[in-house]
Amino acid sequence: MNILEIRTLRGPNYWSGYWKKLIIMRLDIGAYEKKPSNKLKGFYDRMVEVMPTLRSHGCSYGEEGGFLRRVEEGTWAGHIIEHFALELQTLAGMDTGYGRTRETTEKGIYNVVFSYHEEQVGRYAARAAVRLFVGLAENKDPQAIKAEIAEDVQRMREIREEVRFGPSTGSLVEEAESRGIPFIRLNDQSLVQLGYGVHQKRIQATTTANTNMIAVDIAGNKHATKTLLGDMGVPVPRGYRIRDIDDLESTLDKVGFPAVIKPLDGNHGKGATVGITSADEAQIAWEKAKEYSRWVIVEQQLQGFDFRALVVNNRLIAVAKRVPAHVIGDGKQTIQELIDETNQDPRRGYGHENVLTQIEVDNQTMRCIRQAGYELDSVLPKGEQLFLKTTANISTGGTAIDVTDEVHPENVFLFERIAKIIGLDVAGIDVIAPNVSEPLRDNGGGIIEVNAAPGFRMHLAPSEGIGRNVAEHVIDMLFPTGTPFRIPIFAITGTNGKTTTTRLIAHILRNSGSSVGFTTTDGTYIGNERIVPGDNTGPVSAQLVLKDPTVDVAVLETARGGIIRSGLGFDHADIGVVLNVAADHLGLKDVNTLEDLARVKSVVPRAVGKRGYAVLNAEDDLVYKMKELVDGTVVCFSMDENHPNIKRRVERGRVSCVYENGYVTILKGKWKVRVEKAANIPLTYGGRAEFMVQNVLAATLACFVHGVSIEDIRVGLTTFNAGTAQTPGRLNFIEVGNVTVLMDYAHNPAGFRGLVDFISKLPNKYRTVILTIPGDRRDEDIREMGQIAGEFFDRIVIREGHYLRGREAAEIAGLIQEGIARAGKDPQVRVIPGSRDSIHHAIKHGRKGELVVTLADVVSDDIAYVQEMRDSVLETQQHQAAAS
């Protein structure tokens, strides 16, 4: 059994209309193809013994025990591994329920698909599930397998804690998602973008885009905080800032016992020690604090309980009473046994997986135990409470009790005033007081710290009392009612014409006043500037545009490869355009037929929101059928206003865009709105380039339903030229001496035939083509490209392409030549490996008035080579003119 590939889908995809986060494991099950589960002796019994929780899986029967029935009846390894991967994640505290296993066209090779919460955990689960299956199939000792499962489950928990959002960040993201606000994780920690483009807001944990950095600095300096608050009449404990241990004793004399020692700029309780009652304890606490700061605060310990008040946008939102991790003796069990018993509480878990965290015995715990005169094996007297930590943090095993409803109005005013004094939009105020139901000025309580980026966990899920949705108040602050958080997203897909259509839409929108970011096969652009060169038609490039704070509309070329690799890079589109589906890239990644390819392309219209529009080609049956998958509104385009699909839509009063009587025309039911004559649209070359007219129809319709005015669309269409500046490598003409060079990106038979149809309308008597084809095309596709060339061109120059993709250059050239021979004509054929040399040869030997067509390999390189020759010819002509 061999794992061939593991891919991660992170957005809308072709496997599921609902589940966006999926693992795709391509698995060769080898000899197990002939050994379904009912042929593996003892497999079922061993499986149930080591993983009895599989009984809950309904599988295709849709009822408890359904999957076990499938295993008893006989099912294949890939299907079983799918369920193992799901159950392993469930055992690790990440219950997720989607799975599919499908055999590929290659015997014994399966795509095992299942959902995940955390990507790295999902990938780990895939490998662990395979190991588990092999162990059971090979009759490995069940006890050893159980131990391996326990290790895998624990490791997945650890991975989850390493990579997932903490409770505070997670709550903010969850609240944003519940409102339809998209998010992008900007690093592997807690830096997150909420919203897209110009409407984005960033958070880092509970620090927000509104957080004042001066306020953060003040809060981070405990001495400055206490001084400022004290000067403003806020009750604070007596305390001093010192740097030298020689000052510790005299400072303690001023402060008195019990005392608190903590680092000047610590946070989350790090380096802090409370309840210090002796010089020896103070010495230990000093060393601990110095690990976090050069300066140390020594202050009076206020008497009472530990409270945390959370203020958001100058409003008190929640207050929790915090209790350090502790045990209560029963006179029978040792302290270690009491800790173990406490950790059995189902509310306690590893890291942040549950409401409470398990208590870990560390150096701080041992100090607390020994200070009380005990050891771990000591029996704690009945009723005695032993604190195991010096601070009340939930993450170290503490508990929280919600007391929000008990807070005295005077304290509400005090806490909100403190947040204003420090200047924090989100403030965690630490209070020591007998209670918060009386004014602090009356009960001797005081403020010991103010925290920037306070944790939310104690408020979200207290161990006692009501959980408070504190995250909603932060999101309310960042996105008040009516505040936009999205930018319009245009997603353009199809086999041919994507780049040109993307650029044309971006041009129209930019001319209408938008700040556009767009992605194409030749780069990512913000405005008119190419920010990143390359084939940028996948989710990473899409997210680059959506992360840019200057962009107010995104136009994203969306290619097959990115959808297959990772899904879409956005949650939904406002305008989804599907131009066509034709044979290209077939035979790759289990996309073997046009129907398979259409299923991949259909991810774009399926991602259109309910208020959005899917722009579909009414003449392409595979594209038009996608209308059944769209939640939003479907609009169509066609070169024929009398096409049956268009006529039906006209009768129903639907919007369409057609080419009629030489015009690009919007149909609003039976009414026509003529936008512009094709003769006036440079991209169409007077209407002769029909494939370009189709691109114009799609772009016009997309912009129209988006709300762009007819006048702005007309201006955009008439000012967009098929030159190397605006559409590089797409129907670019350059005159080089007596030869006309036409550069295009036709890279599949459908695109090449469309190009040949256009060329046939040109007056050039002689025609040469410089041909190269990426190596990942099927043999038949490469031959067909050769056949088209052989049928139409006088001279053919075969060059070695840049994208060999696993083939030898000679193999590709041979297949092209087979296709040329199949055409039954006798063109002049030459094989010239170098791109520069092949272009130079074709132009140099071109006859007067000849059309030299180069099918672009690396677009920018081809343009540079042709312009270099043009400049050289011009320079020669100028010298000759000067000499004469």
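Keep in mind that what you see is a predicted model, and the values were worked out from it rather than measured.

Draft legend 1. Representation of the nonpolar core in the model. One finds Phe752 and Phe793 to be the most contacted residues of the largest nonpolar core, which totals 73 residues. Among the elements that line this core, the one with the most residues is helix H24 (residues 690-706), at 11 residues. Each residue touching phenylalanine 793, except ones within four places of it in the same chain, is listed here: Phe752, Val756, Ile759, Arg767, Thr768, Val769, Pro827 and Val853. Ile564, Val591, Val634 and Cys636 belong to the second-largest nonpolar core, a separate cluster that totals 47 residues.

Draft legend 2. Focus on the side chain of asparagine 695. Assignment of secondary structure puts asparagine 695 in helix H24. Accessibility expressed as a relative area gives 5% for asparagine 695, which makes it buried. With sequence-adjacent residues up to four places away left out, asparagine 695 is seen in contact with Gly497, Thr500, Thr501, Leu504 and Leu579.

Draft legend 3. Molecular detail of the sheet that holds strand S25 (residues 529-533). Within the open sheet, the 11 strands sit side by side as S25-S24-S23-S26-S22-S27-S28-S29-S30-S31-S32. Their pairing is mixed. The outermost strands of the open sheet, each flanked by one partner alone, are S25 and strand S32 (671-677). Within this sheet the neighbouring strands show an average axis-to-axis angle of 15 degrees, counted without direction. Here strand S23 (residues 516-520) runs beside strand S26 (residues 553-557); their pairing, made up of four bridges, is parallel. By the bridge assignment, valine 516 is partnered in S26 with valine 553. Running at roughly 170 degrees to S23, helix H18 (residues 539-547) makes contact with strand S22 (489-493), S23, strand S24 (523-526), S25 and S26 of the sheet. This element, helix H25 (residues 710-718), spans strand S31 (663-668) and S32 of the sheet and lies at about 30 degrees to S32.

Draft legend 4. Quick peek at the environment of asparagine 580. Mapped onto the elements, asparagine 580 comes out in the loop between strand S27 (573-578) and helix H20 (594-601). Asparagine 580 sits in the buried class, given a relative accessible area of 14%. Each C-alpha atom of the pair asparagine 580 and tyrosine 624 lies 9.3 Å from the other, and the pair is 44 residues apart in sequence. Those residues within four positions of asparagine 580 in sequence are excluded, and the remaining contacts are Gly494, Thr495, Asn496, Asn617, Asp620 and Val623. Among the polar contacts listed, one links the side chain of asparagine 580 to the backbone nitrogen of threonine 495, at a separation of 2.9 Å. From its side chain, asparagine 580 meets the backbone nitrogen of asparagine 496 in a polar contact 2.9 Å long.

Draft legend 5. Just the side chain of aspartate 430, in detail. Position of aspartate 430 relative to the elements: it lies in strand S20 (residues 426-433). Here arginine 308 takes part through its side chain, which lies 2.5 Å from a polar atom of the side chain of aspartate 430. Within the structure, aspartate 430 has its side chain in polar contact with the side chain of arginine 322 (distance 3.4 Å). Ignoring anything within four residues of it in the chain, the contact list for aspartate 430 reads Phe307, Arg308, Arg322, Gly446, Ile447, Ile448, Glu449 and Asn451.

Draft legend 6. Region of interest: unusual backbone geometry. Between phenylalanine 257 and proline 258 the backbone carries a cis peptide bond, its omega angle lying at -5 degrees. Mapped onto the secondary structure, proline 258 falls in the loop between helix H9 (248-255) and strand S10 (259-263). Positive phi is not limited to glycine here, since asparagine 139 has a value of about 60 degrees. The topology assignment puts asparagine 139 in the loop between helix H4 (119-137) and helix H5 (142-163).

Draft legend 7. Here's a closer look at helix H27 (residues 779-792). For H27, spanning 14 residues, the distance from its first C-alpha to its last is 21 Å, which sits close to the expected 20 Å at 1.5 Å a residue. Taken together, the buried positions of H27 are occupied by Asp781, Ile782, Met785, Gly786, Gln787, Ile788, Ala789, Gly790 and Phe792. Tucked into the core, H27 has its buried residues touching helix H26 (749-759), strand S35 (767-771), strand S36 (795-798), helix H28 (809-822) and strand S38 (851-855).

Draft legend 8. Spatial organisation of the packing of helix H1 (residues 43-50) against H4. Between H1 and H4, the least distance of the axes is 9 Å, while the angle of their chain directions is 130 degrees. Taken together, the axis directions place H1 and H4 in an arrangement best described as oblique. The crossing of H1 and H4 is right-handed. Here H1 contributes Phe43, Arg46, Met47 and Val50 to the contact with H4, which in turn contributes Phe133, Leu136 and Ala137. Across the contact of H1 with H4, the residue classes break down as six nonpolar, no polar and one charged.

Draft legend 9. Main features of the packing of aromatic side chains. The full count for this structure, using the stated rule, is 14 aromatic pairs. Here tyrosine 18 and tryptophan 19 contribute two aromatic rings whose centre-to-centre distance is 5.4 Å and whose plane-to-plane angle is 90 degrees, an arrangement assigned as edge-to-face. Among the aromatic residues, those joined into a ring-pair cluster are Tyr685, Phe691, Phe733 and Phe758. Lysine 254 extends its terminal NZ or CZ atom over the ring of tyrosine 240, reaching a point 5.0 Å from the ring centre. Taking NZ or CZ as reference, arginine 674 lies 4.3 Å from the ring centre of tyrosine 663, over its face.

Calculation criteria
Residues numbered from 1 in each chain as written. Predicted model: local features only at pLDDT ≥ 70, side-chain atom pairs only at ≥ 80, totals over all residues. Heavy atoms only, no water. Core = buried A, V, L, I, M, F, W, Y, C linked by side-chain atoms within 4.5 Å. Buried < 20%, exposed > 50% of the residue type's maximum accessible area, 1.4 Å probe, protein only. Helix = DSSP H or I, 4+ residues; strand = E, 2+ residues; numbered from the N terminus. Contact = heavy atoms within 4.5 Å. Pairing = 2+ DSSP bridges. Axes fitted to C-alpha atoms, helices over the stretch in contact; angles between N-to-C directions. Polar contact = N/O pair within 3.5 Å; in protein donor to acceptor, adjacent residues only side chain to side chain. Expected span 1.5 Å × (residues − 1). Parallel < 35°, antiparallel > 145°, perpendicular 65-115°, else oblique. Left-handed = near helix turned anticlockwise from the far one by under 90°. Nonpolar A, V, L, I, M, F, W, Y, C, P; charged D, E, K, R; others polar. Phe/Tyr/Trp six-rings, centres within 6.5 Å; stacked < 30°, edge-to-face > 60°. Lys NZ or Arg CZ within 6 Å of the ring centre and 35° of its normal.

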